[in-house]
Each structure stands twice: as structure tokens, then as C-alpha cells.
Amino acid sequence: MSIRNARHPFYDFCDDALADIRRQGRYRTFTPLARDAARYPVYEEELADIPQGREVVVWSSNDYLGMGVEPEVCEAAISAIREHGAGAGGTRNIAGTSPLHKALEAELASLHGKEAGLLFTSGYVSNQASLQTILTSMPGWICFSDRLNHASMIAGIKGARGSTTIIFEHNDLADLEAKLAAAPVDAPKLIAFESVYSMDGDISDIAGICALARRYNALTYIDEVHAVGLYGEQGGGVTDRDDVSDQVDIIEGTLAKGFGVHGGYITASASIVDYLRSAASGFIFTTSLPPSVVAAALTSVKMVRAQNWRREKMFERVNTFRAKMRAAGVPFTMTPSHIVPVPVGDAERCKIISRRLLNEYGLYATPINYPTVPQGTERLRLTPGPFHTDEMMDQMVAALKTLLAEVPLPVVSDNVRGMAEAAA
Ligand SMILES: Cc1ncc(COP(=O)(O)O)c(C=O)c1O
């Protein structure tokens, strides 16, 4: 037996890499916040010096409709735990398929007007596993990927050894067409894109992309993660709203944002779903979603489909918030979606404003910095929801107005200081 005496170089690597990340102002800290289900979007912040914690109003949640605290949804999870236990106990193949799993897959297929649906343990896994599996299925695949696609799509695309990736400029159909036209006619092609891009809040031209896909015989794969539950008569996403679900081959979504629970899925033709069920490693070799999560998600999807007022309420709140921001002269980016980005323009300034919002006003808005967005476009990303009251909005607008004035641009950030020191 060999005994290792020397410190493994990976330990030093981690220390150095972390020092570098800190120097660049990219060190990640998380704020522990306990959601108060009865008072969403109110949370409690754990603080060492205040035993009962402190109330915080969260403005960055992706539980866009508040379905995660809906009593019927929570009750569905609780009764499923009582009836079936806490975990699934196996992969889908090893006794991990309950009637609830089948019912949820059928519900999602019907939501998107597709023949079949397939559950994954998260939206991330559904993208990564589906794209990687599709793009390694036949020789010569070419994937045309929007420049701003989510990391989970990129992971699947990059992981597909043997395929070629061509990145087209974000939402730029002329660039996409030029790239499709330049590709070999006979190569199997796939266009991977999103509907609502969550950082900028813009929406893709789905019908336009599908028209190009038909012209160049490409398969279409859309990520509707930030749209399902929110758009369309039944909450089937932007494909539902624009009545183009039948033009897209594969619609991917999450159960964790508009539906407020957890898990990911794809819906498509019976044969595509059946193939991925049989070939996608990320589907096959992992314990299936627990019955409580599936039961809660099924209840949520059914409610969200049937209750259009939830979507109307959310958009009413978003519009009211924008009107209040406009009236107070607080800058924000107008988007065609429910997302309200507040441009800040500098990583350190973004962090300071976010920290002061929390410490001085009890308001939580996540700072969005590089590498999530390009340097210079740092922002706060706000997601007003159905439970943000007028009073909460007035508080946020006033706090932003004060802080954006008090923390001016440019602030000499650690990042800039670090670069200046390195150059000296
Ligand atoms: C565009 C997009 N796709 C996929 C995901 C992953 O979804 P999930 O959180 O369910 O893993 C995210 C997560 O934020 C996302 O923003």
C-alpha cells in the first residue's frame, strides 16, 4: 500500500484559483434565506446577533407565480410522502416509476400538444442529457446554438463528441440563415435556442427560426424554462402563446420556476421521447424524482393550466412595478417579458447596491455579474410576482433611487484595482 506524504497539487491549485477569483471580485457568497410559505415573498434572514432572524422581501425568485407556496401544491407533496414515503428508491427502471410519474409526463405532453413527455431530475439535466444524446446519435450532427444559450444547453452540446457546433448571434435570424446555408446540405442539423432569455428578458422569434429550420431541414430544440406556466392560454410557454408548439420538434421546460416545484422535462414526438428514454444516460442512471415532488408538480401544472388569472395577476404586478419605476425616474431595461433588469454597469457597484438593499432596507435582489453577463452590463434582475404589494414596490423603488444615486459609477472595483496592480 502506498502512503502519500506530499500535499497533492490540487490543494494548492484550489487555493490559488480561489485567490484569483477573489481578486477579480467573482468570489461567490450565498445569503441564507428561509422562505415563509405563508407570507411569500417574505423570507427570514439568519443572523448571528438576532436570534429570531430578520424579515427580507425577495425580489429575485424564479418561483414566478408563487406556486411553490400554494397550499394545494404543498398538500399534494405532504400526502404523497405519507402514502409513498420520502424518496423514489430507485431509477425509473428500478421501481422508480410511479403512476404519478406517468401522469405528470402525460400532463406535460398535453400541455405542449406533443405525443409524449419525459421527466428529468432538473431542467439542467434535461437540457444536458437530451442535447448530448441527440447530438451523438447519428454521425455528422451540426448544432446551431444561440450565443446566449444557457449553460445547461452548452454542457450538452459541448459534451456531444463528434458533432460540430456553430454559434449564431443572439436572436439574429440573418446570421442563423447564413450559417445554415453554408453548412453541408446532407448533414443532420439541429437549432438550439430559448424562448425567454432570463438575463436580458428578451424573447426569440420562434416562428422565424422554425421557418428557417424547415427551409434547411433542421430539427428544432427550444428551452422554455423561463416561460412555462407564464405565457400562453394554458401556460405552455411562448410556443403556446404564439401558437407554434407544433412547429418545434422538442420543447424543454422546468417544473422549478413558473410551476414552483422541482424537476425538468422534454416533450416531443413519441419516437424521440422513447429514444431518449432508452439512450440518455442522464435519464437512465439516476434516481427518479421523489413521488412528493412529482405529486406537487402535477397539482401545480394542472392549476396553472386552468387558472389564467394567475398569469394575468403576475403581469399586472410587473406592469405596476414598471410604472412606479418610470414615475420615480429609476432606470430599468424595458423587456417584452416579465423580467425587469436594472442596469448597474459595474461588478463592485452591483454588489454594493445589492448588499445595501439587504442590510439597510431588508430587500433582496441578486447581483448579476460576469461571467453570467458581459463585463460592463452588470445588473440587478428583478422579478415582480403576484404577491409583491404596492407598498413593497414603493419601498423597492425608493431604495433603488437612493442607492443608484449614492453609489455612483464608476466605482474603482477590486476587479479594476486587481487589473491595475497586475499591470504595474
Ligand atoms: C434557460 C435555463 N435553462 C435551464 C435551466 C435549468 O433549470 P433548473 O433550474 O430546473 O435546473 C435554467 C436555470 O436557471 C435556465 O435559466
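This text goes with the structure placed above it.
This structure is a prediction, so every number in the text was calculated from the model and none was measured. (Residues numbered from 1 in each chain as written. Predicted model: local features only at pLDDT ≥ 70, side-chain atom pairs only at ≥ 80, totals over all residues. Heavy atoms only, no water.)

In terms of burial, strand β9 (residues 250–254) is a largely internal element, five of the five residues being buried. Because side chains alternate across β9, one face comprises the buried residues Ile-250, Glu-252 and Thr-254, and the other comprises Ile-251 and Gly-253, equally buried. In this structure, strand β8 (residues 218–223) lies alongside β9, joined through three bridges in parallel fashion. Bridge pairing in β9 links Asp-223 to Glu-252. Summarising the sheet, β9 and strand β10 (residues 264–268) pair through four bridges and their orientation is antiparallel. By the bridge assignment for β10, Glu-252 is matched with Ile-266. (Buried < 20%, exposed > 50% of the residue type's maximum accessible area, 1.4 Å probe, protein only. Helix = DSSP H or I, 4+ residues; strand = E, 2+ residues; numbered from the N terminus. Pairing = 2+ DSSP bridges.)

Our focus in this paragraph is the pattern of salt bridges. Per the counting criterion, the structure on display carries 22 salt bridges. Through salt bridges with shared partners, a single ionic network connects Arg-7, Asp-12 and Asp-15. (Salt bridge = Lys/Arg side-chain N within 4 Å of Asp/Glu carboxyl O.)

The next subject is the sheet that holds strand β14 (residues 379–382). Pairing in this open sheet of three strands is antiparallel, and the strands run β11-β14-β13 from one edge to the other. With one partner strand each, in any of the chains shown, β11 (340–343) and β13 (367–368) form the two edges of the open sheet. The pairing of β11 with β14 spans four bridges and is classified as antiparallel. What sits directly across from Pro-343, in β14, is Arg-379.

A few words on the site of the ligand. Close to the ligand lie Ser-122, Gly-123, Tyr-124, Asn-127, His-150, Ser-152, Glu-194, Asp-223, Val-225, His-226, Thr-254 and Lys-257. In the model, an oxygen atom of the ligand is placed 2.9 Å from a nitrogen or oxygen of the Tyr-124 main chain. Here Asp-223 contributes a side-chain N or O atom positioned 2.6 Å from a nitrogen atom of the ligand. When the ligand is considered free in solution it has 390 Å² of accessible area, and contact with the protein chains removes 83% of it. Of all the elements, helix α4 (residues 123–135) adds the most residues to the shell around the ligand, at three residues. Taken together, the residues that form the shell around the ligand break down as two nonpolar, seven polar and three charged. (Near = heavy atom within 4 Å. Polar contact = N/O pair within 3.5 Å; in protein donor to acceptor, adjacent residues only side chain to side chain. Areas by Shrake-Rupley, 256 points an atom, 1.4 Å probe, with all protein chains shown as cover. Nonpolar A, V, L, I, M, F, W, Y, C, P; charged D, E, K, R; others polar.)

The strand order across the open sheet built from seven strands is β4-β10-β9-β8-β7-β5-β6, with neighbouring strands paired in mixed fashion. Of all the strands in the sheet, just β4 (116–120) and β6 (164–168) have a single pairing partner and so form its edges. Geometrically, the sheet is characterised by an average inter-axis angle of 20° between neighbouring strands, direction not taken into account. Two elements, strand β5 (residues 142–146) and strand β7 (residues 189–194), share four bridges in a ladder whose sense is parallel. Bridge pairing in β7 links Ile-142 to Lys-189. (Axes fitted to C-alpha atoms, helices over the stretch in contact; angles between N-to-C directions.)

Moving on to the packing of helix α3 (residues 99–111) against helix α11 (residues 291–306). Taken N-terminus to C-terminus, the directions of α3 and α11 make an angle of 30°; their axes are 9 Å apart at the nearest point. When the axes of α3 and α11 are compared, the pair comes out roughly parallel. The element α3 and its partner α11 pack so that their crossing is left-handed. Facing α3, whose interface residues are Leu-100, His-101, Ala-103, Leu-104, Glu-107, Leu-108, Ser-110 and Leu-111, α11 presents Pro-291, Val-294, Ala-295, Ala-297, Leu-298, Val-301, Lys-302 and Arg-305. Classifying every residue of the contact of α3 with α11 by side-chain character gives 11 nonpolar, two polar and three charged. (Parallel < 35°, antiparallel > 145°, perpendicular 65-115°, else oblique. Left-handed = near helix turned anticlockwise from the far one by under 90°. Contact = heavy atoms within 4.5 Å.)

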